[in-house]
Amino acid sequence: MRNRYEDALKRIAEKFRRTAETAAEEGIIPYQSAEGKWIVSPYDGNSWWTGGFWPGLMWQLWKLTGDGFFLTEARRAEKLLTDEFRTFRKLNHDVGFMYLLSCGADAKLTGDEQAETDLLHAASLLMGRFNPAGFIRAWNEPERTGFAIIDCMMNLTLLYRASRDTGDPRFRQVAGIHADTTLREFLREDGSVSHIIELDPETGKRVREHPGQGWALGSQWSRGQAWGLYGFALAFRHLQKPEYLEAAERIARNFTAHIREDGLTDCDFCQPAGEERIDNIAGAVAACGLMELAGLTGEEEWAAQGRRLVDGLLDHCADWGDSRCGILTHCTASYHDDGAGRHTNILYGDYFLTEALMRICGRDAELWS
Ligand code: GLY
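Presented here is a report on the structure given in the accompanying data block. (Residues numbered from 1 in each chain as written. Predicted model: local features only at pLDDT ≥ 70, side-chain atom pairs only at ≥ 80, totals over all residues. Heavy atoms only, no water.)

## Here's the deal with the sheet that holds strand 8 (residues 345-346)
- Spatially, three strands are ordered 2-1-8 in an open sheet, and the strand pairing comes out antiparallel. With one partner strand each, in any of the chains shown, strand 2 (37-39) and strand 8 form the two edges of the open sheet.
- As paired elements, strand 1 (residues 32-34) and strand 8 share two bridges and run antiparallel to each other. Counted as the bridge partner of Ser 33 is Asn 345 from strand 8. (Pairing = 2+ DSSP bridges. Helix = DSSP H or I, 4+ residues; strand = E, 2+ residues; numbered from the N terminus.)

## Describing the sheet that holds strand 6 (residues 196-199)
- Taking strand neighbours across the sheet as the criterion, the three strands line up as 5-6-7 in an open arrangement whose pairing is antiparallel. The open sheet has two edge strands, strand 5 (147-149) and strand 7 (206-210), and neither has a second partner. Each neighbouring strand pair of the sheet contributes to a mean axis angle of 30°, computed without reference to strand direction.
- Sheet analysis places strand 6 next to strand 7, joined by four bridges and oriented antiparallel. Residue pairing for strand 7: Leu 199 is matched across the bridge by Arg 206.
- Sheet strands touched by helix 8 (residues 170-186): strand 5, strand 6 and strand 7. Its angle to strand 6, the strand with the most contacts, is close to 105°. (Axes fitted to C-alpha atoms, helices over the stretch in contact; angles between N-to-C directions. Contact = heavy atoms within 4.5 Å.)

## Focus on empty space enclosed by the protein
- Applying the stated criterion across every chain, the model contains two cavities of 30 Å³ or more.
- The calculated volume of the largest cavity comes to roughly 80 Å³.
- Contributing to the lining of the largest cavity are 13 residues, with His 195, Glu 209, Gly 212, Ala 216 and Ser 219 lying nearest its centre.
- Among the residues forming the lining of the largest cavity, the class breakdown is four nonpolar, seven polar and two charged.
- What the second largest cavity holds in volume is close to 40 Å³.
- Together, Pro 30, Tyr 31, Thr 50, Phe 53, Trp 54, Ile 346, Leu 347 and Tyr 348 line the second largest cavity.
- Only helix 2 (53-65) and helix 13 (347-360) provide two or more residues apiece to the lining of the second largest cavity.
- The residue makeup of the lining of the second largest cavity, split by class, is seven nonpolar, one polar and no charged. (1 Å grid on protein atoms, 1.4 Å probe; cavity = no way out; pocket = protein on both sides within 12 Å on 5 of 7 lines; lining within 4 Å. Points joined across faces, edges and corners; volume = space filled by probe spheres on them. Nonpolar A, V, L, I, M, F, W, Y, C, P; charged D, E, K, R; others polar.)

## Digging into the pairing of strand 6
- Side chains Ile 196 and Glu 198 project from strand 6 onto one buried face, and the interleaved Ile 197 and Leu 199 project onto a second face that is buried too.
- Strand direction decides the pairing type here: strand 5 and strand 6, joined by three bridges, are antiparallel. Bridging from a neighbouring strand, Ile 149 pairs with Ile 196 of strand 6.
- Connecting the antiparallel pair strand 6 and strand 7 is a turn made up of six residues, with Gly 204 showing a positive phi of about 80°. (Buried < 20%, exposed > 50% of the residue type's maximum accessible area, 1.4 Å probe, protein only.)

## Overview of the nonpolar core
- Of all hydrophobic cores here, the largest spans 130 residues; its most connected members are Phe 16, Trp 54, Phe 352 and Trp 368.
- Considering every element that reaches this core, the biggest residue donor is helix 11 (residues 280-297), with 10 residues.
- With residues up to four places along the chain from it excluded, the contact list for Phe 16 reads Trp 38, Trp 54, Leu 57, Met 58, Leu 61, Phe 69, Phe 70, Cys 325, Gly 326, Ile 327, Leu 347 and Asp 350.
- Within the second largest apolar cluster, five residues are counted, among which are Ala 138, Trp 139, Phe 147 and Ile 196. (Core = buried A, V, L, I, M, F, W, Y, C linked by side-chain atoms within 4.5 Å.)

## What to know about the environment of Tyr 348
- Inspection of the secondary structure puts Tyr 348 in helix 13.
- With a relative accessible area of 2%, Tyr 348 lands in the buried category.
- It is 19 Å that separates the C-alpha atoms of Tyr 348 and Asp 322, two residues lying 26 residues apart in sequence.
- Residues contacting Tyr 348, with those up to four places away along its chain left out, are Tyr 31, Trp 49, Thr 50, Phe 53, Arg 223, Ile 281 and Ala 333.

## Here we look at the site of the ligand
- Near the ligand the following residues occur: Trp 49, Asp 151, Gln 213, Trp 221, Arg 223, Trp 227 and Tyr 348.
- Within the side chain of Asp 151, an N or O atom sits 2.6 Å from a nitrogen atom of the ligand.
- Against a free-state accessible area of 200 Å², the protein chains account for coverage of 94% of the ligand.
- At a threshold of 2 Å from the grid points, most atoms of the ligand map onto the largest pocket. (Near = heavy atom within 4 Å. Polar contact = N/O pair within 3.5 Å; in protein donor to acceptor, adjacent residues only side chain to side chain. Areas by Shrake-Rupley, 256 points an atom, 1.4 Å probe, with all protein chains shown as cover. Sits in = over half its atoms within 2 Å of the grid points.)

Below is the structure:
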């Protein structure tokens, strides 16, 4: 008998098979959907950090169904993303998100040699952002030379993979240095993590914490917690340092203690009571991180918590109808800035919901390994 997770995957594949054709016709990489239309990213065109999630989703669905439509659509978006190599100044630490889920997925799933070359090119761009004072620089503005962010823990996967594929340890050594700095500077006593820390670019010493996409300075932006959880779990998987696993479990304990009764995730775990601001992307990312933790530790409890999050998303926030092209509702890009979407469908929510379901069903394309 099929279970609800297999059913949900089938419905995801059916819906995107219906709606993705329009994205191809328009020649765009979708960022979100509303009122029956795809909407592109609000900033920086195809260099915006989210461009990899659409091809990543197509690759997961190709792995699930074997339908060549998804492969063709993934490659169409991959081409648009590799064209962005020419806009060097717009690219930042998020080349991990962009190219692991596009070229990286292609190289992994089909063995395409050009895709592998493009993946290594992206890894070299990420290496070029390394400051020997001990961290990978997040963004490019001159006044942000010393900024590092928790999200980058996910991008490190590009470096683990490049070391494995080339036999050159430098990539994973740099990843390890950045992960150690993140452990030291971002992880708090209560198991929560900061979003943005400014370091002195000459010495690597902490200057200050900055407010990020959460409610307030020192609060707990839930998606940042999810990036930390999943990112440290992946760091342990690839670098085998026990401190990374401990960190992932501490963050997981704090995260799961804050899951709402209905299984959904508030945008910030410190947000004022009564303020209804949900970010389902955080729940979907955390579900993937928890499934990863379950695999690393053999602890069924982490998998149960991951399913609890996925159940919440399927019970309350999956739109299977045709009024919008995507599926997951109540995605919120940032607590205070609604410009990139608030309580709406955002495609990286759909990507991580799909990955979580693929993991639960033992079908994941393993794009982070
Ligand atoms: N990596 C940026 C974000 O999660 O919004």
